[in-house]
Amino acid sequence: MPLRIDVITIFPDYFAPLQLSLMGKAQQSGLVTIAIHDLREFTSDRHRSVDDTPYGGGAGMVMTPEPWGQAIDAVVTDQSTLIVPTPAGKLFSQPVAAELAHSTHLIFACGRYEGIDQRVVEYYRPRIDVRELSIGDYVLAGGDVATLAMIEASVRLVPGVLGNPESLVEESHQLPGVEYPSYTKPPTWRGLDVPEVLLSGHHDQIARWRAEQSTIRTTHNRPDLLPGS
Ligand SMILES: N#Cc1c(-c2ccc3cc[nH]c3c2)n[nH]c1N
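Read on for an overview of the structure. From a predicted model like this one, the values you see are computed outputs, not experimental measurements.

## Comments concerning the overall build of the protein
Within the protein, the secondary structure is distributed over 7 helices and 9 strands. Along the first, second and third principal axes, the C-alpha set of the protein runs to 70 × 40 × 35 Å. Of the contacts formed within the protein by residues at least 6 apart in sequence, a portion of 77% connects residues at least 24 apart. Of the roughly 13800 Å² of accessible surface on the protein, 54% is carried by carbon and sulfur atoms.

## A look at unusual backbone geometry
At the junction of lysine 185 and proline 186, the peptide bond is cis and its omega measures out at 5° in the coordinates. Within the secondary structure layout, proline 186 lies in the loop between helix 6 (166-172) and strand 8 (188-189). Here the phi dihedral of arginine 190 falls at roughly 50°; this positive angle occurs in a residue that is not glycine. Position of arginine 190 among the secondary structure elements: in the loop between strand 8 and strand 9 (192-193).

## Regarding the nonpolar core
By size, the foremost hydrophobic cluster in this structure holds 28 residues, and its most contacted members are Ile5, Val32, Phe92, Phe108, Ile151 and Val155. Taken together, the elements giving at least two residues each to this core come down to strand 1 (3-9), helix 1 (21-28), strand 2 (32-38), helix 3 (94-101), strand 6 (105-109) and helix 5 (144-155). Counting residues per element, this core draws most heavily on helix 5, which supplies 6 residues. Residues in contact with valine 155, not counting those within four places in the same chain, are Leu3, Ile5, Met23, Ala26, Val32 and Val161.

Conventions and cut-offs
Residues numbered from 1 in each chain as written. Predicted model: local features only at pLDDT ≥ 70, side-chain atom pairs only at ≥ 80, totals over all residues. Heavy atoms only, no water. Helix = DSSP H or I, 4+ residues; strand = E, 2+ residues; numbered from the N terminus. Contact = heavy atoms within 4.5 Å. Areas by Shrake-Rupley, 256 points an atom, 1.4 Å probe, with all protein chains shown as cover. Core = buried A, V, L, I, M, F, W, Y, C linked by side-chain atoms within 4.5 Å. Buried < 20%, exposed > 50% of the residue type's maximum accessible area, 1.4 Å probe, protein only.

Below is the structure:
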């Protein structure tokens, strides 16, 4: 059963990259089907409006609930998971990507402006799995880029999508922390040599060096990922 993904957005063109590379191949292989829906197709006024002023005042505009209700109702099933990207959401992570990769149907609601009227989440929460997710502690102009990131991170984990599942095995055995630095040909580039151990053929020494490099990088760049932190 392929993973089905429906993306609802006012900027369908944002998702053209999903036809390329690994995501494109995943669709061609039938492992994943991705459909992009223009929210404005689900409006009923001649201006095809999707936003209005916020109750309670405040800057900006809020996306009105009805177009979202019409759009989600057009694709939802009892197997759906509705994902709402938002800075206020739980943090998206590799384990969450793995969960989504094993879903049957994902609906991404890509908000813009100041976000989507909260009643959309409230309406669907008793009916289907609803997840408000954030890709990080910085503010984007909308949910579209976050949706692209979550789709790519999740779809690459769908069994059969990655040509070489070995890379997933390596990832899953990744020590806590960031990955070691990578090198390829030429052995010397602009006077810089590849670390000698990587050319030695001593796999135990290479594994030890890579673990050390991972720890050094994690300590420097992501001490929050160190065990016990
Ligand atoms: N996910 C996520 C986000 C967002 C985001 C998501 C949706 C909307 C709708 C209007 N502005 C948005 C920002 N900003 N930063 C993140 N990590």
